[in-house]
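The chain contents come next:
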Amino acid sequence: MPVYSLEVAVVLLGLVLLMMEAFVAGKDKRFVAHTALLGLGAVLVGSFFVDRTPDASGFWSFYKADGLAMTYKAIALACTMLVIVLGLDYIPVLEKFTARVGGHGAWGEFFCLPVFICAGMMWMASASDLTSIFVSLELVTIAFYVMVTFMRRNVGSLEAGVKYLILGALSTGFLVYGFTWLFGVTGQTNLDVIAAKLNSGTVATVPAMFSFALILVALAFKIGAVPLQFWIPDVYQGAPTPITAYLSVGSKAAGFIVTTRILQVFLGSEALVHNCTAILLAVACATLLVGNLAAIPQTNFKRLLAYSSISHAGFLVLALAAGPAGAFGLAPGQIVAYYLAAYLIMTLLAFAVLVVINRTSGSDDLNAFNGLHQRSPFLAFALLVAVASLAGVPLTVGFVGKLLVFAAAVKASLWLPLGFAIIGAVAGFYYYLKVLRNMYWNAPAGGTLPAITLSGLTKATLLLLIAATVVLGVWWAPLFQLVRR
Amino acid sequence: MVKGEAMLQDYLPVLMQILIASGFAAVTLAVSVLLGKSGKRNAIKDSAYECGMLPIGDMQPRFSVKFYMVAMLFVLFDIEVVFMFPWAVTFKDLVLHSTTAFWSMAGFAFVLLVAYVYALKKGALKWND
């Protein structure tokens, strides 16, 4: 099987789900989610057995199937599956906020659209041409516009949707404008050819820098870095929680593979590498500072995770800016892939707990976590593992990711940005572990609340994520092998 | 043949199109005058019809969401056809090399078909409910 049959399979799965959703009678559409899980799981397994050798056709100038692309495809598939599991837990909330007056909710499509987003993210992982980058990125973004506003009877969800739509359209404009400048100076759309052209010394550097700046702004929107990080807290707070998790992990990962590929072009050019690195380092420092310091006073757990998402973007940009040396035998792109795989595990673990809390208490506030230890020691432990890993406590997978970034920065002697990263990491210990006080020491406001029961699927998913966080924090080899493919 | 003449000949179909279009309009108007029952005026006949609203009412009238649904679907499918034009123009050359051009458009049209069936089934084009 050729490698692009993976995307074809995912799109076909999405179409089948859409038809099932429309034609199978009955109000309970859970089977759509179950079918999606099975199908995506099959594609994930299949992604390890496809034939990746390119043939002579012109298709391969748009599409790359290197190890990095395969890693990001696996991340996209795993993330989509976990988001669908989260969505199953979130159905009562969806039912409430999508129902017509006196009628039933309509949330069948909530489990179809992520499959199309997944296909878009898989194409982004392979995109190696300005046109294929743009088309796959739009497939992801447009589907996300719908998903963010999915709870149409909820004002917060609508507000989040409007903000995401307007800023998303703006950033797309930046991206296309940057692409036109890049095409203007090189006359090419394939990234490898552009890289060769930029390196040949025949290209004017000022317009090339201009295109770099424009593209970087657009990508900053996707990955949640300064200067386009403003939308993150508001959109994350308003969107349905599983979609917040999806934005935070899937959309960010897909943005980072495109960023990695485009930066390879600019950082590979001797004439541009100096200025580009300076801009990237400034972005990394500002992102680290904004993300971590703004997270400190947050009292809403969803907003806290939003600022955490910004701060992680800062670490990742720092890894990319640290130059081609990398660390521990991993190239910068591979460090980012490793960090994102770790980030996927711990962030989705935190969101999985948040979905249950939100369903049972209707709130995302830190106060909603009060007394969680008494209500469900298992959930409290799951969140303990998640926040410890997000903060970067040793023996968790998050620690390894941060270690790689710091090692890369030390190797490149970036002492000032390293200072910002240390400030960020220290601040992280405070704001991530803040929730522990609520869970273990604070008493719930209205006396004792009933215990929380979990479905089998949720329990299994939480257990899997906890195990992955701890085991991969001690035994690094599997993830190393995954990103080194 | 001179170059200018050949270029003008290319525009012959356009001229024919203009003649047919204006001829069709003229014939339609003439037939409606000849066959239509003119002269009997009443309130309903004098009101705006087909593409107009009664000029009395709220300043900001509320439109049914159905209009937006149809408009949106129209724009979507309209744009899809725009993609087919460049494909159709180059198809003859492309298909000589490989069948990729055919299958990619077949895939595109298939996705559209599924989308159309979905819209129909969800009642996006249903006017009475």
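Sequence positions are assigned chain by chain, starting from 1 and proceeding in written order. Lettering of chains starts at A and numbering of ligands starts at 1, both following the order in which they are written. In keeping with the model being predicted, local features are shown solely for residues with a pLDDT of at least 70 and side-chain atom pairs are shown and tallied solely at 80 or more, while totals for entire chains, interfaces and linings include all residues.

Undergrad: Explanation requested: the overall build of chain A in the structure shown.
TA: Tallying secondary structure elements over chain A gives 19 helices and 0 strands in all. In this description the radius of gyration comes from C-alpha coordinates, and the expected globular size is given by 2.2 Å times residues to the power 0.38. For 485 residues, the compact-globule estimate of 2.2 N^0.38 gives 23 Å, and chain A sits close to it at 22 Å. Considering only C-alpha atoms, chain A reaches an extent of 70 × 55 × 40 Å along its principal axes. Any residue with 12 or fewer other C-beta atoms within 10 Å of its own C-beta is exposed, any with 20 or more is buried, and the rest are partly exposed; the C-beta atoms used are placed from the backbone. Classification of the 485 residues of chain A by burial places 55% in the buried group. Each helix is a run of H or I in the DSSP string that is no shorter than four residues. Each strand is a run of E no shorter than two, and both are numbered from the N terminus.

Undergrad: Is there a simple way to explain the overall build of chain B in this structure?
TA: Counting its secondary structure elements, chain B contains 5 helices and 0 strands. Order of helices (α) and strands (β) in chain B, N terminus to C terminus: α-α-α-α-α. Burial status across chain B gives 0% buried among its 129 residues.

Undergrad: Can you help me understand the packing of helix H13 (residues 332-361) of chain A against helix H16 (residues 397-411) of chain A in this one?
TA: A pair of packed helices is characterised by two quantities: the angle between their axes and the separation of those axes. Residue and element names in this part refer to chain A. Interaxial distance between H13 and H16 falls to 8 Å at its minimum, and their mutual angle equals 155 degrees. The pairing of H13 with H16 is recorded here as roughly antiparallel in orientation. Between H13 and H16 the crossing geometry is left-handed. Mapping the contact onto sequence places Pro332, Ile335, Tyr338, Tyr339, Ala342, Tyr343, Ile345 and Met346 in H13 and Val397, Gly398, Val400, Gly401, Leu404, Val405 and Ala408 in H16. To define axes, lines are fitted to C-alpha atoms, for helices over the stretch in contact only, and angles between the resulting N-to-C directions are given on a 0 to 180 degree scale. By the definition adopted for this analysis, an angle is roughly parallel if under 35 degrees, roughly antiparallel if over 145, roughly perpendicular if from 65 to 115, and oblique otherwise. Here is the rule for handedness: rotate from the far helix to the near one, and if that takes an anticlockwise turn smaller than a right angle the crossing is left-handed, while a clockwise turn gives right-handed. In this description, a residue-residue contact is defined by the distance between C-beta atoms placed from the backbone, which must lie within 7 Å.

Undergrad: Would you take a moment to explain helix H4 (residues 65-97) of chain B for this structure?
TA: In an α-helix, one turn spans 3.6 residues; hence positions three or four apart end up facing the same way. Residues and elements named next belong to chain B. Expected span of a helix, by definition, is 1.5 Å for each gap between consecutive residues, and there is one gap fewer than residues. Look at H4: 47 Å from first C-alpha to last across 33 residues, which is about the 48 Å you get at 1.5 Å a residue. Each residue is assigned a bend, namely the angle between axes fitted to the seven residues that terminate at it and the seven residues that start at it. Along H4, the largest kink reaches about 60 degrees and is centred on phenylalanine 91. Across the 33 residues that make up H4, only a small minority, 0, are buried.

Undergrad: For this particular structure, what's the right way to read the packing of helix H5 (residues 130-148) of chain A against helix H10 (residues 241-267) of chain A?
TA: All names here are of chain A. Following both chains from N to C, one finds H5 and H10 inclined at 170 degrees, their axes separated by 12 Å at the closest point. Considering their axes alone, H5 and H10 lie roughly antiparallel with respect to each other. Each of Ile133, Leu137, Val140, Phe144, Met147 and Val148 in H5 lies in contact with H10, whose residues at this interface are Ile243, Leu247, Ser251, Ala254 and Val258. Here the contact of H5 with H10 is built from residues that sort into 10 nonpolar, 1 polar and no charged. In this classification, the charged set is Asp, Glu, Lys and Arg, the nonpolar set is Ala, Val, Leu, Ile, Met, Phe, Trp, Tyr, Cys and Pro, and all remaining amino acids, among them Gly, are polar.

Undergrad: Would you mind going over unusual backbone geometry with me for this structure?
TA: Across the chain, the bulk of peptide bonds are trans and the bulk of non-glycine residues have phi less than zero. Residue and element names in this part refer to chain A. In this structure, the amide linkage connecting valine 226 to the following residue, proline 227, adopts the cis form with an omega of 10 degrees. Although it is not a glycine, phenylalanine 328 adopts a positive phi angle of roughly 50 degrees. Turning to its location among the elements, phenylalanine 328 is positioned in the loop between helix H12 (301-321) and H13. Residues other than glycine seldom take positive phi values, yet leucine 395 does so here, at roughly 70 degrees. In this structure, leucine 395 sits in the loop between helix H15 (377-391) and H16. Its 12 C-beta neighbours within 10 Å are what place leucine 395 among the exposed residues.

Undergrad: Help me understand the nonpolar core, please; the structure alone is not making it clear to me.
TA: Residues and elements named next belong to chain A. Counting residues in each nonpolar core, the largest one holds 184 residues, and the members touching the most others are Ala76, Ala319, Tyr339, Leu349, Ala350 and Val353. Among the elements that line this core, the one with the most residues is H13, at 22 residues. The contacts of valine 353, once residues within four sequence positions are left out, are Leu379, Ala382, Leu383 and Ala386. The term nonpolar core refers to a set of buried Ala, Val, Leu, Ile, Met, Phe, Trp, Tyr and Cys residues connected through C-beta atoms within 7 Å.

Undergrad: So what exactly am I meant to see when it comes to the interface of chain B and chain A here?
TA: The figure often quoted for interface size is the accessible area lost as the parts come together. Facing 5 residues of chain B, the contacting portion of chain A comprises 5 residues. Across the side of chain B that touches chain A, the residue classes tally to 3 nonpolar, no polar and 2 charged.

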